[in-house]
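Structure assessment
Here's the letter readout for the chains.
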Amino acid sequence: MTKIQCSVIRDLLPLYYDGVCSDETKKLVEEHIASCNECKTELESLNVAIEIPMLEIQNRNQDQKVIRSMAYSLKKLRKKALYKGVGITAMVGLFIFCGYYALFLWNIQSVDSENFKISDIFQLNNGHIVYSVDFLDEYDVLRVKYSLVEDGNFYMIPLRPIVKQKTEHPIGDVQEEFILQAQQENWNNQEIHALYYGSPDDAVLIWEKGMELPKASAEMERKWDMSRFK
Ligand SMILES: [Zn+2]
């Protein structure tokens, strides 16, 4: 196969995949891929790129509304693609990818306080605050965003994608450590007056200035001491 032929075929593949090319083009593409493995692989990768996100979407029945509206825009875009060909087809691919990213991977939804439990709040000898977090609804929490607002309230905000996923390995209580001094340094030495878990309008207080926390047990001191030397 010559180089020119392959590059022409590559341009035609999206049209061929969408079934919007003439019979003649179709024949040309089919004849070519019958004898050219590289272009055949290219066509297969087109298949995979478009089918995987759709499959994922079908597999997850949560938040149907968002998916439906996305599917609708997608349909409209694909319809346009019938008329405009390659450029739009590439756009559809991008749109699917972005939509997939926005729905499944982008952690922007904060977890309601009723869906998590903060317990066992203690203070270590070195002043660090230790607490346990348990997510009660068993969906994955993929990111915790830190935010220090002007009044000195520090928020640890657990975040999820819009389409949340059932966690495969529920981990139960997770013990975490908060180092006040280090966080204040991270935030230009702004003083932290209170520590919260959750978004500002729906947060659980862990500690505030003047609050006397229970001392950590000797066992807990040892555990956190060891974790620092790992
Ligand atoms: Zn080829």
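Summarised in this report is the structure supplied together with it. All of these numbers come straight from a predicted model, not from anything done at the bench.

1. Section: the sheet that holds strand E6 (residues 174-178)
An order of E2-E3-E6 is seen for the 3 strands of this open sheet, with the pairing classed as antiparallel. In this open sheet, the two edge strands, each paired with only one partner strand, are strand E2 (116-123) and E6. Geometrically, the sheet is characterised by an average inter-axis angle of 25 degrees between neighbouring strands, direction not taken into account. Where helix H7 (residues 218-227) meets the sheet, it contacts E2, strand E3 (129-135) and E6, and its direction lies at approximately 75 degrees from that of E6.

2. Considering the nonpolar core
By size, the foremost hydrophobic cluster in this structure holds 16 residues, and its most contacted members are Tyr131, Met156, Phe178, Leu195, Tyr197 and Ile206. Elements that contribute at least two residues to this core include exactly E2, E3, strand E5 (153-160), strand E7 (194-199) and strand E8 (202-208). The element that contributes the greatest number of residues to this core is E3, accounting for 3 residues. Ignoring any residue separated from it by four or fewer positions in sequence, one finds Phe178 in contact with His128, Ile129, Tyr131, Phe154, Met156, Gln183, Ile192 and Leu195. Among the nonpolar cores identified, the runner-up in size contains 12 residues, and Ile9, Leu12, Leu13 and Cys36 belong to it.

3. Here's the deal with the pattern of salt bridges
All chains considered together, the criterion is met by 4 salt bridges. In this structure, Arg10 and Glu38 form a salt bridge, with 3.8 Å as the shortest nitrogen-oxygen distance. Of this pair, Arg10 sits in helix H1 (residues 3-18) while Glu38 sits in helix H3 (residues 37-59), placing them 28 residues apart in sequence. As a salt-bridge pair, Lys209 and Glu191 come within 2.7 Å of each other at their nearest N and O atoms. Highlighted residues: Lys209 in the loop between E8 and H7 and Glu191 in the loop between helix H6 (180-186) and E7, separated in sequence by 18 residues. Salt bridges linked by common partners bring Arg10, Glu38 and Glu42 together as one network.

4. Side note on the coordination of the zinc ion
Those protein atoms acting as donors to the zinc ion are Cys6 (SG), His32 (NE2), Cys36 (SG) and Cys39 (SG), and they sit at 2.0 to 2.4 Å. Taken together, the 4 donor atoms surrounding the zinc ion define angles of 96 to 117 degrees at the centre, an arrangement classified as tetrahedral. Donor residues binding the zinc ion come from one chain and are separated in sequence as C-x25-H-x3-C-x2-C. On the criterion of sequence distance, the pair formed by Cys6 in helix H1 and His32 in helix H2 (residues 23-35) is long-range, its members being 26 residues apart. Judged by its relative accessible area of 13%, Cys6 falls in the buried class. Taking relative accessible area as the criterion, His32 reaches 4% and is therefore assigned buried.

Calculation notes
- Residues numbered from 1 in each chain as written.
- Predicted model: local features only at pLDDT ≥ 70, side-chain atom pairs only at ≥ 80, totals over all residues.
- Heavy atoms only, no water.
- Pairing = 2+ DSSP bridges.
- Helix = DSSP H or I, 4+ residues; strand = E, 2+ residues; numbered from the N terminus.
- Axes fitted to C-alpha atoms, helices over the stretch in contact; angles between N-to-C directions.
- Contact = heavy atoms within 4.5 Å.
- Core = buried A, V, L, I, M, F, W, Y, C linked by side-chain atoms within 4.5 Å.
- Buried < 20%, exposed > 50% of the residue type's maximum accessible area, 1.4 Å probe, protein only.
- Salt bridge = Lys/Arg side-chain N within 4 Å of Asp/Glu carboxyl O.
- Donors = N, O, S within 2.8 Å, 3.2 Å for Na, K, Ca; no water.
- Tetrahedral: all angles 85-135°; square planar, octahedral: opposite > 155°, others 65-115°.

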